[in-house]
Amino acid sequence: CSVKTLRNPGPLDPEEPVKIAETIRRMGLNYVVLTTVNRDDLPDQGSEHIAETIRRTQLANPELLIEMLIPDFRGELDCLRRVIAARPAVLAHNVETVERLQGKVRDPRAHYAQSLAVLAAIHERAPQIRSKSSIMLGLGETGEEVIETMRDLRAVGVDFLTIGQYLQPGQKKLKVESFVHPERFQRLEQDGLAMGFRYVAAG
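Throughout, a residue's number is its position along its own chain's written sequence, starting from 1. pLDDT decides what is reported in this predicted model: residues at 70 or higher carry local features, side-chain atom pairs at 80 or more are listed and counted, and totals for whole chains, interfaces and linings draw on all residues regardless. Here the side-chain values reflect all heavy atoms present in the structure, with hydrogen atoms and water set aside.

A few points about the layout of surface pockets
1) Next: Using only the protein atoms, space was sampled on a 1 Å grid; points where a 1.4 Å probe fits but cannot get out form cavities, open sets with protein on both sides within 12 Å along at least five of seven lines form pockets, and lining residues are those with an atom within 4 Å of a point. Grid points are joined across faces, edges and corners, and a volume is the space filled by probe spheres set on the points. Roughly 370 Å³ of internal volume is contained in the second largest pocket.
2) Next: Along the walls of the second largest pocket sit 18 residues, with E16, I20, T35, T36 and H49 positioned nearest its centre.
3) Next: Secondary structure elements follow DSSP: runs of H or I no shorter than four residues count as helices, runs of E no shorter than two count as strands, and numbering proceeds from the N terminus. Within the residue set of the lining of the second largest pocket, elements represented by two or more residues are helix 1 (16–27), strand 1 (31–35) and helix 2 (47–60).
4) Next: Top element by residues in the lining of the second largest pocket is strand 1. It accounts for four residues.
5) Next: Classes in brief: Ala, Val, Leu, Ile, Met, Phe, Trp, Tyr, Cys and Pro nonpolar; Asp, Glu, Lys and Arg charged; the others, Gly included, polar. Taken together, the residues that form the lining of the second largest pocket break down as nine nonpolar, six polar and three charged.

Okay, structure coming up:
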């Protein structure tokens, strides 16, 4: 959340996929979550670089399960196709918050329907890859809106869901509107499993 944005970011490091693969090999991990900044400045939005990172990491760590957290690629499915072709175990894209708060919480270029379309495309094009999304609470959402968001995610085939407490990452970021009681997280976990999510982590 506190990664600084740049109007003109530097070029991609062509050695990054190999460096990441080697770092993970040295760490001896069996499950890793890779994430990325948005690279809207690039013609393919960095999708081939992401795919190559997955491929190199898997090659160097054959038993490793890779979860890749991706941007929405502005809804461009060719970018998504490249990442799917690299076959991560889990492909994640976060809606972040309920529909009403999207404009307040997310970059204005991102929107709820576009995120749902990306998640739907993962399910439709690669049902063997588990899809995942996440929601932050404490931003002013209502309980009904959270349930509605969960239903929307399940309707587009999302397998795994995480629900967590928003924490303010810097003074210029949105303030926390409320702290959610652990019992409410437990209820949401139960609600999510009842909806058909394969796994829900809420806390």
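From this point, things continue past the structure.
Let's talk about the nonpolar core
1) Next: We define the nonpolar core as a collection of buried residues of types Ala, Val, Leu, Ile, Met, Phe, Trp, Tyr and Cys that are connected through side-chain atoms lying within 4.5 Å of one another. When a residue's accessible area, from a 1.4 Å probe over protein chains only, is under 20% of the maximum for its type it is buried; when over 50% it is exposed; and in between it is partly exposed. Ranked by internal contacts, the top residues of the largest apolar core, which has 48 residues, are L91, M150 and L153.
2) Next: Sorting elements by how many residues they give to this core places helix 5 (residues 112–125) first, with seven residues.

Points about the side chain of D159
1) Next: Structurally, the position occupied by D159 is in the loop between helix 6 (143–155) and strand 5 (160–165).
2) Next: Its relative accessible area of 8% is what places D159 among the buried residues.
3) Next: Pairing of N or O atoms within 3.5 Å defines a polar contact, subject to two protein rules: one partner must be a possible hydrogen donor and the other a possible acceptor, and residues neighboring in sequence count only if both atoms are side-chain atoms. Here S131 takes part through its backbone nitrogen, which lies 3.0 Å from a polar atom of the side chain of D159.
4) Next: Leave out the neighbours within four places in its chain, and D159 touches I129, R130, S131, F197, R198 and Y199. Contacts are assigned to residue pairs with any non-hydrogen atoms lying within 4.5 Å of each other.

Some details on the pairing of strand 4 (residues 130–137)
1) Next: Here strand 4 lies mainly inside the structure; seven of its eight residues are buried.
2) Next: Sheet analysis places strand 4 next to strand 5, joined by six bridges and oriented parallel. Following the sheet pairing, S134 is matched in strand 5 by T162.
3) Next: Consider the strands pointing away from the viewer: the crossover is right-handed when the path from the first strand over the helix to the second runs clockwise. One crossover worth recording links strand 4 to the parallel strand 5 by way of helix 6, and it is right-handed. If DSSP finds at least two bridges between two strands, the strands pair.

Examining the side chain of H93
1) Next: Turning to its location among the elements, H93 is positioned in the loop between strand 3 (90–92) and helix 4 (102–105).
2) Next: If near-sequence neighbours (up to four positions away) are discounted, H93 is found in contact with L69, I70, P71, D72, R106, S115, V118, L119, K132, S133 and S134.

Focus on the packing of aromatic side chains
The geometry of two aromatic rings is summed up by the distance between their centres and the angle between their planes.
1) Next: To pair, rings of Phe, Tyr and Trp, with the six-membered ring standing in for Trp, must have centres within 6.5 Å; the planes then decide the type, stacked if under 30 degrees apart, edge-to-face if over 60, and tilted in the middle. Summed over all chains, the structure comprises one aromatic pair.
2) Next: Lysine NZ or arginine CZ positioned within 6 Å of the ring centre and within 35 degrees of the ring normal marks a charge as sitting over the ring. The positively charged end of R154 is found above the aromatic ring belonging to F197, 5.8 Å away from the centroid.

Describing the pairing of strand 2 (residues 65–69)
1) Next: Pairing geometry for strand 1 and strand 2, over five bridges, is parallel. Looking at strand 2, one finds that V33 is bridged to E67.
2) Next: Traced from strand 1 through helix 2 to strand 2, the parallel crossover comes out right-handed.
3) Next: Relative to strand 3, strand 2 runs parallel, the two sharing three bridges. Opposite M68, over in strand 3, you have L91 as the bridge partner.

Looking at the sheet that holds strand 1
1) Next: Strand order in the open sheet made by the six strands is 1-2-3-4-5-6, with parallel pairing throughout. Strands at the two margins of the open sheet, each flanked by one partner only, are strand 1 and strand 6 (199–202). Between one strand axis and the next, the sheet turns by 20° as a mean value, whatever way the strands run.
2) Next: Examined bridge by bridge, strand 5 and strand 6 share four bridges and lie parallel to one another. Its bridge partner lying in strand 6, T162 is registered against A201.
3) Next: Axis definition: a line fitted to C-alpha atoms, over the contacting stretch in the case of helices. Angles run 0 to 180 degrees between N-to-C directions. Packed onto the sheet, helix 7 (residues 182–195) meets strand 4, strand 5 and strand 6 and runs at close to 170° relative to strand 6.

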